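# Survey of secondary and tertiary structure
As a plain string of letters, each chain reads:
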Amino acid sequence: MEKAGNHSPLNQGREHLLAAIIPPSNISRQIDLIRERLFSGYCLVSAAALPPFIPLLFLPPGRYTLQEAQLKEKISKAFPITTGHYRECQGNLFLAVDSNGGYDCLKQELNNYLLAGAEERAEEVPFPCTEGFFLAAPERLAGFSKVIKNLRTPGPLHFSSYSLALLKIESYSNPGEWWQNSRWEETAYLKCRKPSKKVLKP
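First things first, this report covers the structure right here in the doc.

Thresholds applied
Residues numbered from 1 in each chain as written. Predicted model: local features only at pLDDT ≥ 70, side-chain atom pairs only at ≥ 80, totals over all residues. Heavy atoms only, no water. Core = buried A, V, L, I, M, F, W, Y, C linked by side-chain atoms within 4.5 Å. Buried < 20%, exposed > 50% of the residue type's maximum accessible area, 1.4 Å probe, protein only. Contact = heavy atoms within 4.5 Å. Pairing = 2+ DSSP bridges. Helix = DSSP H or I, 4+ residues; strand = E, 2+ residues; numbered from the N terminus. Axes fitted to C-alpha atoms, helices over the stretch in contact; angles between N-to-C directions. Polar contact = N/O pair within 3.5 Å; in protein donor to acceptor, adjacent residues only side chain to side chain. Expected span 1.5 Å × (residues − 1). Arc of directions from axis to C-beta. Salt bridge = Lys/Arg side-chain N within 4 Å of Asp/Glu carboxyl O.

## Notes on the nonpolar core
Ranked by internal contacts, the top residues of the largest apolar core, which has 43 residues, are Leu38, Leu66, Leu110 and Tyr162. Not counting chain neighbours up to four residues away, the residues in contact with Leu38 comprise Cys43, Leu44, Ala47, Leu93, Leu135, Ala136, Val147 and Leu151. Among the nonpolar cores identified, the runner-up in size contains 19 residues, and Ala20, Val45, Ala49 and Leu50 belong to it.

Below, the structure is given as structure tokens:
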């Protein structure tokens, strides 16, 4: 629930490393408004635990960079993203987005480069990686169908620049309740912009 700082947990924490799309500040504010309604109206602590992001993939523990030239060349050109409707994925609430295939391409590039040669690990993760903004875990709710009916859908919101980040998420709570006592920090960061149009000289 807090950005990383000094922390003295009583129990050993669990650490997850997430590659994610971080939207520009004007989009983040709109996503935060939704998360604030989930927190204040439904007491969903997970809605306030992390910054606004679109999850791409979880990585095994290790040191990674997004600045290596070969990788940077492939992922620094942003693709346009448009928000859509609310949807549930494995019990979690997301605001779906459409990237016209850009999300899958970016996810594949990161997987090929950052996980090249790494063995696939069966690991419990806090939430699934799907094409949408993570909003909240179900916590004590049986489902989000009634919540979705009461939430106003923003937008559609459009953006064609964003940042990629690696977020280290540490949880010191019981398994399945990662949001109760957690902290996060960015361990890598890369700004991505829409390619500029080339002007043809006469």
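## Quick word on the sheet that holds strand β4 (residues 81-89)
Reading across the sheet, the four strands line up as β6-β5-β4-β7 and stay open at both edges, with antiparallel pairing between neighbours. In this open sheet, the two edge strands, each paired with only one partner strand, are β6 (132-136) and β7 (158-159). Pairing geometry for β4 and β7, over two bridges, is antiparallel. When the sheet's bridge partners are listed, Thr82 is paired in β7 with His158. The strands touched by helix α1 (residues 25-42) are β4, β5 (92-98), β6 and β7; relative to β6, the strand with the most contacts, the crossing angle is about 30 degrees.

## A closer look at the side chain of Thr83
Following the sequence through the fold, Thr83 ends up in strand β4. Separated by 2.8 Å, the side chain of Thr83 and the backbone nitrogen of Leu157 make a polar contact. Not counting residues within four places of it along the chain, the set of residues in contact with Thr83 comprises Leu95, Ala96, Val97, Phe133, Pro154, Pro156 and Leu157.

## Focus on the environment of Ile54
Along the chain, Ile54 turns up in strand β3 (residues 54-59). Note: C-alpha distance between Ile54 and Cys129 (75 residues apart in sequence) is 7.9 Å. For Ile54, the contacting residues outside a window of four places in its chain are Ala20, Ile21, Ile81, Val97, Tyr103, Thr130, Gly132, Phe133 and Phe159.

## Some remarks on helix α3 (residues 102-114)
Its 13 residues give α3 an end-to-end C-alpha distance of 18 Å, which sits within 8% of 18 Å, the value for a rise of 1.5 Å per residue. Regarding α3, the residues found buried are Gly102, Tyr103, Leu106, Leu110 and Leu114. Buried residues of α3, viewed axially, fall in a sector of 100 degrees; they line one side. Buried residues along α3 sit against β2 (14-22), β3, α2 (69-75) and β8 (162-171).

## Re the pattern of salt bridges
According to the stated counting rule, one finds four salt bridges in the structure shown. For Arg35, the salt bridge identified is with Asp32, shortest N-O distance 3.0 Å. Remark: Asp32 and Arg35 occur in helix α1; sequence separation between them is three residues, near one turn of the helix. For Asp32, a relative accessible area of 25% translates into the label partly exposed. Arg183 is the partner of Glu170 in a salt bridge, and the nearest nitrogen-oxygen pair spans 2.3 Å. Of this pair, Glu170 sits in strand β8 while Arg183 is found in strand β9 (residues 182-192), placing the two residues 13 residues apart along the sequence.

## Focus: the pairing of β3
Burial analysis of β3 places six of its six residues in the buried class, which makes it a mostly covered element. In the sheet, β2 pairs with β3 via five bridges, with the strands oriented antiparallel. In the sheet register, Ile21 faces β3, and the bridge partner there is Ile54.

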